[in-house]
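Working through the structure, step by step
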Amino acid sequence: MHLQYEDFEKIMNIGIRLSTERDRNRLLMTILDKGMEITNCDASTLYLYENEELYFKYMKTLSKGVSRGMDGERIDLPPVPLKEENVCSYAAIHQEVVNIPDVYASSRFDFSGPRQYDSLTGYRTKSQLVVPLANNENELIGVLQLINAMDEEGNVIAFHEQYEIIIRALGSMAAIELTNLSYVEALKAQIYSFVEALTTALEERTPYNALHTRNVEKYASLLADYITQLHKEGKSEWTFEPARKEQLMLAALIHDIGKMVVPLSIMNKATRLGSAREKIDDRFTLLKALYEVDMLRGRIMQEEYEAVMADLEAELAFIHEIDVIDYVDDAAYEHIGSLSKKQHVKEDGSVLSYLTAREVECLSIRSGTLTLQERKEMENHVVMTSRILEKVQFYKGFSMVPKWVGAHHEYLDGSGYPNHLKGDELDLETRLLTVVDIYDALAATDRPYKEPIPRKKAIEILKSMAEKGKVDLQLVEWLDEALEKDAEIHENGGSYDIK
């Protein structure tokens with residue numbers, strides 16, 4: 001046998017493919033398929049080394065149409081223990097290539113297993129080439145067993161010695177790439193453990209925010225999968241291949257990590273006044289007592305006292321109402337202004353105002369529960385998120401996460417924060433995170449400061465924001481479609497699955 005130029009070209013192309021493959025399972029299948037292709041053999045088995053045993057990963061026999069493990073299913077065969085009488089174990093133990101011309105004529109190893117298989121299936125195992133897969137640090141990854149090399153006429157022959165070097169070399173390249181992939185997986189696992197640790201810290205501070213993080217991850221995944229499906233149907237120029245989606249999911253999980261520095265009094269502020277309402281209640285109780293003293297001492301008449309008592313009751317009821325309503329209209333805003341001027345003057349001239357300046361500010365909030373200063377502190381979580389993530393050395397596959405996360409409160413028209421980015425300055429992933437983040441903020445059922453908004457109404461609000469140039473209309477429409485499809489599937493007892 002003499003290798004031709006075409007053979008070397010094929011080998012080099014296989015080596016290049018091995019070095020660029022980033023999917024572990026496809027890499028393993030490539031080892032098996034290309035090993036069979038190079039040696040023109042009929043069958044093969046790929047074992048992986050774990051816990052001092054060799055586990056069946058893939059099995060293929062062309063003449064019998066047998067292919068096992070290729071779809072990810074586990075092969076229900078017991079693992080092979082590392083005992084020298086087994087040819088695969090011997091190759092693994094000594095990291096040595098074993099070439100057997102005819103297993104029936106060899107007494108070097110125990111071939112009772114192949115012979116039993118042959119008797120049951122009618123197959124005839126003859127030649128074997130067993131190659132250990134070891135990386136550049138001589139760490140065993142697995143074993144490739146090639147069976148029944150064939151000549152051009154399809155006759156079973158022995159494996160040529162030249163194949164020993166070729167398959168060993170390709171096996172080494174593959175093993176190194178597998179090791180590199182393992183390192184990458186370890187880095188990813190480390191990053192995810194970091195994210196889980198931070199998420200746990202958020203959960204301990206305020207449970208609703210942890211649920212928000214999981215919801216944003218869920219909606220981002222749903223929308224990314226829907227876009228990928230549309231791409232397959234020729235309806236979207238965008239798609240989320242596994243690596244891209246994986247990076248998006250990490251960004252979704254970590255997008256609010258800066259909220260760890262936001263005071264809980266702001267994070268969990270359910271009403272305009274928050275905890276200050278109790279102080280107002282106590283103050284009004286004191287005011288009633290002071291006016292009663294004034295009446296008893298003759299400073300005010302009975303009729304005036306009764307009028308003041310009625311006014312205090314009415315004003316306190318008004319305060320309670322304003323504290324929890326969704327929006328303060330002009331009439332209520334003016335009433336708050338009048339109330340802010342009311343006060344009790346004691347006999348010694350000291351003054352007790354009905355409301356403090358801080359309480360007036362809180363009650364005067366037109367919409368929501370946060371004052372301008374509180375809102376600035378809340379918005380600062382994006383800056384803090386970026387600062388925290390600046391300290392993290394991200395694996396290159398996650399290098400875009402800090403950028404996407406740091407801009408998820410930016411708007412297309414530049415009116416967002418913190419850097420007022422706009423238009424093409426915002427990546428697709430950033431725009432997607434913005435849409436799903438707003439959607440969950442509207443539709444969430446566990447926020448202490450608001451009632452949930454129905455899905456359709458939340459989408460309408462998002463579409464209105466899109467019409468004003470703030471968010472991506474196409475993403476809003478696709479989110480609406482993805483949510484609708486997901487709801488239909490769940491009603492039928494299924495689950496959303498991209499094919």
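All figures in this text were calculated on a predicted structure; none of them were measured in a lab.

**Describing the environment of Asp118**
With respect to the element layout, Asp118 can be found in helix 4 (residues 112-121). In contact with Asp118, not counting residues within four places along its chain, are Tyr104, Tyr123, Arg124 and Thr125. A distance of 2.8 Å separates a polar side-chain atom of Asp118 from the backbone nitrogen of Thr125.

**Digging into the layout of surface pockets**
A volume near 880 Å³ is recorded for the second largest pocket. Taken together, 33 residues make up the lining of the second largest pocket; nearest its centre are Tyr47, Phe56, Gly113, Pro114 and Gln145. Contributing elements (two or more residues each) for the lining of the second largest pocket: strand 1 (41-50), strand 2 (53-61), strand 3 (66-68), strand 4 (80-81), helix 3 (87-94), helix 4 and strand 7 (140-150). Counting residues per element, the lining of the second largest pocket draws most heavily on helix 4, which supplies six residues. Of the residues that constitute the lining of the second largest pocket, the class distribution is 18 nonpolar, 10 polar and five charged.

**Focus: empty space enclosed by the protein**
Under the counting rule described, the total for this entry stands at two cavities of 30 Å³ or more. In this model, the second largest cavity occupies a volume close to 50 Å³. When grouped by side-chain class, the residues that make up the lining of the second largest cavity number five nonpolar, two polar and four charged.

**Structural notes on the packing of helix 10 (residues 302-324) against helix 11 (residues 330-339)**
Interaxial distance between helix 10 and helix 11 falls to 12 Å at its minimum, and their mutual angle equals 130°. In terms of orientation, helix 10 lies oblique with respect to helix 11. In terms of crossing hand, the pair formed by helix 10 and helix 11 is left-handed. Contacts from Glu315, Phe318, Ile319 and Ile322 in helix 10 reach Ala332, His335, Ile336 and Leu339 in helix 11.

**What to know about the nonpolar core**
Within the largest apolar cluster, 49 residues are counted, with the highest numbers of intra-cluster contacts made by Leu432, Tyr439, Leu462 and Leu479. When contributions to this core are tallied by element, the ones reaching two or more residues are helix 5 (161-205), helix 6 (207-232), helix 7 (242-254), helix 14 (401-406), helix 15 (428-443), helix 16 (455-467) and helix 17 (473-491). Not counting chain neighbours up to four residues away, the residues in contact with Leu432 comprise Ala220, Leu223, Ala224, Ile227, Phe240, Leu248 and Leu475. With 28 residues, the next largest nonpolar core counts Leu32, Cys41, Tyr163 and Ala175 among its residues.

**Thoughts on the packing of aromatic side chains**
Considering all chains together, one arrives at seven aromatic pairs under this definition. Judged by centre distance (5.2 Å) and plane angle (65°), the ring pair of Tyr90 and Phe109 falls under edge-to-face. Taken together, the residues span a long stretch of sequence, with Tyr90 in helix 3 and Phe109 in the loop between strand 5 (98-100) and helix 4 at a distance of 19 residues. Of the two residues examined, Tyr90 and Phe109, each falls in the buried class. One aromatic cluster in this structure is built from Tyr90, Phe109 and Phe111.

**Focus: the pairing of strand 6 (residues 128-134)**
Here strand 6 lies mainly inside the structure; seven of its seven residues are buried. Alternating residues of strand 6 divide into Gln128, Val130, Pro132 and Ala134 and Leu129, Val131 and Leu133, and every residue in both groups is buried. Here strand 5 runs beside strand 6; their pairing, made up of three bridges, is antiparallel. Considered in strand 6, the bridge of Ile100 is made with Gln128. As paired strands, strand 6 and strand 7 are joined by seven bridges and run antiparallel to one another. When the sheet's bridge partners are listed, Pro132 is paired in strand 7 with Val143. Where strand 6 folds back onto strand 7 in an antiparallel hairpin, the turn is made up of five residues, including Asn138, whose phi is positive at roughly 60°.

The rules we used
Residues numbered from 1 in each chain as written. Predicted model: local features only at pLDDT ≥ 70, side-chain atom pairs only at ≥ 80, totals over all residues. Heavy atoms only, no water. Helix = DSSP H or I, 4+ residues; strand = E, 2+ residues; numbered from the N terminus. Contact = heavy atoms within 4.5 Å. Polar contact = N/O pair within 3.5 Å; in protein donor to acceptor, adjacent residues only side chain to side chain. 1 Å grid on protein atoms, 1.4 Å probe; cavity = no way out; pocket = protein on both sides within 12 Å on 5 of 7 lines; lining within 4 Å. Points joined across faces, edges and corners; volume = space filled by probe spheres on them. Nonpolar A, V, L, I, M, F, W, Y, C, P; charged D, E, K, R; others polar. Axes fitted to C-alpha atoms, helices over the stretch in contact; angles between N-to-C directions. Parallel < 35°, antiparallel > 145°, perpendicular 65-115°, else oblique. Left-handed = near helix turned anticlockwise from the far one by under 90°. Core = buried A, V, L, I, M, F, W, Y, C linked by side-chain atoms within 4.5 Å. Buried < 20%, exposed > 50% of the residue type's maximum accessible area, 1.4 Å probe, protein only. Phe/Tyr/Trp six-rings, centres within 6.5 Å; stacked < 30°, edge-to-face > 60°. Pairing = 2+ DSSP bridges.

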